[in-house]
Number of protein chains: 2
Amino acid sequence: MKIRVGIFGYGNLGRGVELALANSPDMQAVGVFTRRAPETVKTQTGVPVYAASALESMQKEIDVLILCGGSSTDLPEQTPRLARLFNVVDSFDTHAKIPAHFAAVDAAAKAGGKAAAISVGWDPGMFSLARLYGGSILQDAKCYTFWGKGVSQGHSDALRRIEGVVDAKQYTIPVESALARVRAGEQPCLSTREKHLRECFVVAAEGADTARIEREIKTMPNYFADYDTTVHFISQEELNEKHGGLPHGGVVICSGETGNRNKHVIEYSLKLDSNAEFTSSVLVAYARAVYRLWQEGARGCKTVFDIPPVYLSPKSREDLIAELL
Amino acid sequence: MKIRVGIFGYGNLGRGVELALANSPDMQAVGVFTRRAPETVKTQTGVPVYAASALESMQKEIDVLILCGGSSTDLPEQTPRLARLFNVVDSFDTHAKIPAHFAAVDAAAKAGGKAAAISVGWDPGMFSLARLYGGSILQDAKCYTFWGKGVSQGHSDALRRIEGVVDAKQYTIPVESALARVRAGEQPCLSTREKHLRECFVVAAEGADTARIEREIKTMPNYFADYDTTVHFISQEELNEKHGGLPHGGVVICSGETGNRNKHVIEYSLKLDSNAEFTSSVLVAYARAVYRLWQEGARGCKTVFDIPPVYLSPKSREDLIAELL
């Protein structure tokens, strides 16, 4: 019997989850749940759409629920509330608030007799695993995380809030010379500015003061002031044509020494055409794992650190040992 | 209380395990066990040396035993025999024989009420994990494994068995153009010859027929005949000076598409100055995990696929979630 999956939220992430489920031989999407009027939402593969309020009456139809909302306001409220009723998976990515979110979801899932996994995606998620494996193998390991080249949606949004900006995209780009030093096993001490560049493509309103816009961008605290930032003013057509996608990726590099000064460098990298669709694919694999763990009696909140990799694959343990080990 | 570790076998791997344990805050080496006369073996950090026959009387002193023998004759006999008496970890790396080895160790460990992990290292081991994670996230993933640039000890041994060869080192080298195609997400079909080159540095005996040696190398079945192989004749001094180490490494690249032709490439790579010392470090991390799992009630044989990553680190789960997730 296939694992029956609910999708809560139907933005980029929810749409990606729907497509990933359509490709999963052992899973099926039973419904998309939305806070919009259901009749206004059309799914890509014909999955039925329900109002979010219908969820609570569908506990018997859903084995695991994938939460596809945002980390700032949706997930802190939704995941703990729904973890009491469903096995759930989310991609909560506000690093500093993960311990509090974990505690809330853990308590709810235990109270409801359910299993959950939070902060599933690529960072947090696969990159966290790379940091943990690397740091556990090499005792004196130093692990560096570089993001990009890729579009940061938060930074693109920040650009669009500036007066006179019609549209914009921001790329986060690792500094090549820093990458090279880390790859050589040097373990340098790098400032924020030394690790990443920020490149902005901005469509200005007609007659807007581009010098003022550029100044506002480069001095914006938290977002740009600590970085070397370049700003390009381009037309809306050029933005649509050349900067339409949401590619991302990055690399985790751990280096350390063993024995008599033998250096080791472990590198995990991702090059993603679609940030959201990759995150969705990770969510689906962990939804499979959470449901199977729950079937075996696991309760409470898990992270990627807690979940044995064998649970992620639709293949049997015997096949995985024979084929991949 | 520290985890008390026994080291069985004191070649490159056993020596690496001893050094890795000396750097592990939560573990200590309680003894090296050898089939040589114990008084002829001197350890690097003062760990006491015992005869292999002393092992069975030391069950109470050892929490987990790391088996550092070879895969061809040592481990198939030792791991099942000792898994009945101790929690054990080995680096059994004959891929085709892993399922049989697993079954033997699993039966022994269950009979003795112990936990075991086999085939721990970098391939099998970390590379197997990269193949499993990558293949589970991307449904249509194709995963490629390239080894090198690094010294293959099996191939170096094969060279040294040729008449007229005094000493030799063989490097396995990935074909750059094949790597580039795989990294671009192309999913090409690659023959053995298209994936790796073999480069040999050979010290010939005085007066030996180097043309005959070169011919014998290049036509040697299984080892060299299926590869593009280059042979360099050099002096023993040059071999010692330039090819004295045992560096290795390689890369696992998984690529696949999601949604509307969005391509994703996941890459896990290792650059290792010392093949044996890195493998030793992986063994020590998994020895920690096996002992903790056994303490929690786990019995039988595990692989890297079965072990939750959190058990590999000396840090607490709470710290790992706060610091690395």
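Above this text sits the structure in question.
Every residue gets a number counted from 1 within its own chain, in the order that chain's sequence is written. Lettering for chains starts from A, numbering for ligands starts from 1, and both go in the order in which the items are written. Where local features are concerned, this predicted model is filtered to residues with pLDDT of at least 70; where side-chain atom pairs are given and counted, the filter is 80 or more; whole-chain, interface and lining totals use all residues. Values shown for side chains rest on all heavy atoms present in the structure; no hydrogens or waters enter the calculation.

Caption draft 1: Spotlight on the side chain of S274 of chain B. Secondary structure is summarised from DSSP: a helix means a run of H or I of at least four residues, a strand means a run of E of at least two, and numbering begins at the N terminus for each. With respect to the helices, strands and loops of the structure, S274 of chain B is situated in the loop between β13 (262–272) and α10 (275–295). A residue is classified by how much of its surface remains accessible, and S274 of chain B, at 9% relative accessible area, is buried. The contact partners of S274 of chain B, leaving out residues within four places of it in the chain, are N262 and H264 of chain A together with L246 of chain B. Partly exposed describes any residue whose relative accessible area lies between the buried limit of under 20% and the exposed limit of over 50%, with all areas from a 1.4 Å probe on protein chains only and scaled to the type maximum. We call two residues in contact whenever any of their non-hydrogen atoms come within 4.5 Å of each other.

Caption draft 2: Structural detail: the relation of the copies chain B and chain A. Alignment of the copies relies on least squares applied to C-alpha atoms, considering only residues that score at least 70 for pLDDT in both. After a rotation of 180° and a shift along the axis of 0.0 Å, chain B superposes on chain A with an RMSD of 0.0 Å. Those values place the two copies in the arrangement expected of a two-fold rotation axis. With an isologous cut-off of 70% or more, the 100% of interface residues of chain B that recur at the interface of chain A puts this contact in the isologous class.

Caption draft 3: Focus on the packing of helix α1 (residues 12–22) of chain A against helix α10 (residues 275–295) of chain A. Residue and element names in this part refer to chain A. Packing of α1 against α10 leaves a shortest axis separation of 8 Å and a crossing angle of 55°. By the angle class used here, α1 and α10 are oblique. As α1 packs across α10, the resulting crossing turns out to be right-handed. Taken together, the residues of α10 that come into contact with α1 (itself represented by N12, L13, G16, V17, L19, A20 and L21) are A276, E277, T279, S280, S281, L283 and V284. Three classes are used: nonpolar for Ala, Val, Leu, Ile, Met, Phe, Trp, Tyr, Cys and Pro, charged for Asp, Glu, Lys and Arg, and polar for all others, with Gly counted as polar. Tallied by class, the residues present in the contact of α1 with α10 amount to 8 nonpolar, 5 polar and 1 charged. The axes used here are C-alpha line fits, helices contributing only the stretch in contact, and every angle between their N-to-C directions lies in the interval 0 to 180 degrees. Oblique is the label for any angle not covered by the other classes, which are roughly parallel (under 35 degrees), roughly antiparallel (over 145) and roughly perpendicular (65 to 115). Helix crossings fall into two classes, left-handed where the near helix is turned counterclockwise from the far one by less than a right angle and right-handed where it is turned clockwise.

Caption draft 4: Highlighting the packing of helix α2 (residues 74–83) of chain B against helix α3 (residues 98–112) of chain B. Residue and element names in this part refer to chain B. It is at 7 Å that the axes of α2 and α3 come closest, and there the two elements cross at 20°. As the angle between them shows, α2 and α3 are arranged roughly parallel. Our pair here, α2 against α3, has a crossing hand that is right-handed. Residue-level inspection shows L75, P76, T79, P80 and A83 of α2 in contact with α3, the latter providing H101, A104, V105, A108 and A109. Here the residues of the contact of α2 with α3 are counted per class, giving 8 nonpolar, 2 polar and no charged.

Caption draft 5: Region of interest: the pattern of salt bridges. All names here are of chain B. For this analysis, a salt bridge means a side-chain nitrogen from Lys or Arg found within 4 Å of a carboxyl oxygen belonging to Asp or Glu. Applying the stated rule across the entire model yields 36 salt bridges over all chains. Across the pair D74 and R35 runs a salt bridge, and its minimum N-O distance is 3.3 Å. Taken together, the residues D74 in helix α2 and R35 in the loop between β2 (27–34) and β3 (49–51) connect sequence positions 39 residues apart. We classify D74 as buried; its relative accessible area is 16%. Linking D167 and R160 is a salt bridge whose minimum nitrogen-to-oxygen distance equals 3.5 Å.

Caption draft 6: Just the packing of aromatic side chains, in detail. Aromatic pairs are defined between Phe, Tyr and Trp rings, using the six-membered ring for Trp, whenever the two ring centres lie within 6.5 Å; interplanar angles under 30 degrees are classed as stacked, those over 60 as edge-to-face, and all others as tilted. Summed over the entire model, instances satisfying the criterion amount to 11 aromatic pairs over all chains. Both rings, one in Y171 of chain B and one in F201 of chain B, keep their centres 5.7 Å apart while their planes meet at 90°; by these two values the pair is edge-to-face. Here the residue Y171 of chain B occupies a position in strand β9 (residues 165–174), and F201 of chain B occupies one in strand β10 (residues 196–204), the gap between them amounting to 30 residues. Considered together, Y171 of chain B and F201 of chain B belong to a single accessibility category, that of buried residues. Ring geometry for Y291 of chain B against W294 of chain B: centres 5.9 Å apart, planes inclined by 25°, an arrangement best described as stacked. Note that Y291 of chain B and W294 of chain B are positioned in helix α10 at a spacing of 3 residues, about one turn of the helix. Three or more aromatic residues joined by ring pairs make a cluster, and in this case those are W122, F127 and Y268 of chain A. Only when the NZ of Lys or the CZ of Arg is both within 6 Å of the ring centre and within 35 degrees of the ring normal is a charge said to sit over the ring. A cation over a ring is seen here: R198 of chain A above Y227 of chain A, with NZ or CZ 4.1 Å from the ring centre. Its guanidinium or amino end placed over the ring of F146 of chain B, K195 of chain B lies 5.2 Å from that ring's centre, counting from NZ or CZ.

Caption draft 7: The arrangement of the interface of chain B and chain A in detail. Every contact between the two is made by 65 residues of chain B and, on the other side, 65 residues of chain A. Buried area, as used here, totals the accessible surface that two parts lose on assembly, with accessibility defined by a 1.4 Å probe and the loss added over both. Between chain B and chain A, a total of about 5500 Å² is buried, with carbon and sulfur atoms accounting for 62% of that surface. In this assembly, chain B and chain A are joined by 2 salt bridges. With a shortest N-O distance of 2.8 Å, R317 of chain A and D306 of chain B are connected by a salt bridge. We define a polar contact as two N or O atoms separated by no more than 3.5 Å, with the added condition that, inside protein, one atom must be a possible hydrogen donor and the other a possible acceptor, whereas residues neighbouring each other in sequence contribute only through side-chain atom pairs. Viewed at the interface, chain A and chain B are joined by 31 residue pairs in polar contact (both at pLDDT 80 or more). Sorting the residues of the side of chain B that touches chain A by element identifies α1 (12–22), α3, α4 (126–137), β13, α10, β14 (300–302) and α11 (317–323) of chain B as the ones contributing at least two each. Counting residues per element, the side of chain B that touches chain A draws most heavily on β13 of chain B, which supplies 11 residues. By this definition, two strands are paired if DSSP reports at least two bridges between them. In the sheet, strand β13 (residues 262–272) of chain A pairs with β13 of chain B via 9 bridges, with the strands oriented antiparallel. Within the sheet, the bridge partner assigned to I266 of chain A lies in β13 of chain B and is L270 of chain B.

Caption draft 8: Geometry of the environment of L312 of chain A. With respect to the helices and strands, L312 of chain A occurs in the loop between β14 (300–302) and α11 (317–323). Considered as a pair, L312 of chain A and V290 of chain A are 22 residues apart in the sequence and their alpha carbons are 8.8 Å apart. The contact partners of L312 of chain A, leaving out residues within four places of it in the chain, are A285, Y286, R288, A289 and R292 of chain A together with Y133 and S136 of chain B.

Caption draft 9: Looking closely at the sheet that holds strand β8 (residues 150–151) of chain B. Residue and element names in this part refer to chain B. Reading across from one edge, β8-β9-β10-β11 is the order of the 4 strands in this open sheet, with mixed pairing throughout. On the outer flanks of this sheet lie β8 and β11 (228–233), each paired with one strand and no other. The pairing of β8 with β9 spans 2 bridges and is classified as antiparallel. Opposite V151, over in β9, you have Y171 as the bridge partner.

Caption draft 10: Inspection of unusual backbone geometry at higher detail. A cis amide bond links D123 of chain A with the next residue in sequence, P124 of chain A, at an omega value of 5°. Residue G148 of chain B is joined to K149 of chain B through a cis peptide bond whose omega torsion reads 5°. Tracing the backbone shows K149 of chain B in the loop between β7 (142–147) and β8. Positive phi, normally seen in glycine, also occurs at S119 of chain A, with a value near 60°. By the secondary structure assignment, S119 of chain A is in the loop between β6 (115–117) and α4 (126–137). Of note in this structure, N222 of chain A is not a glycine but carries a positive phi near 70°.

Caption draft 11: Molecular detail of the state of the cysteines. By definition, disulfides here are pairs of cysteine sulfur atoms that lie within 2.5 Å. Counted according to the given criterion, the structure contains 2 disulfides over all chains. Between C143 of chain A and C254 of chain A runs a disulfide, and the two sulfur atoms are separated by 2.1 Å. Residues C143 of chain A and C254 of chain A are joined through a disulfide that is right-handed, its torsion about the S-S bond being 110°. Taken together, the residues C143 of chain A in strand β7 (residues 142–147) and C254 of chain A in strand β12 (residues 248–258) connect sequence positions 111 residues apart. Looking at C254 of chain A, the relative accessible area reads 1%, which means it is buried. In this model C68 of chain B remains outside any disulfide bridge; the closest cysteine sulfur is found in C301 of chain B, 16 Å from its own.

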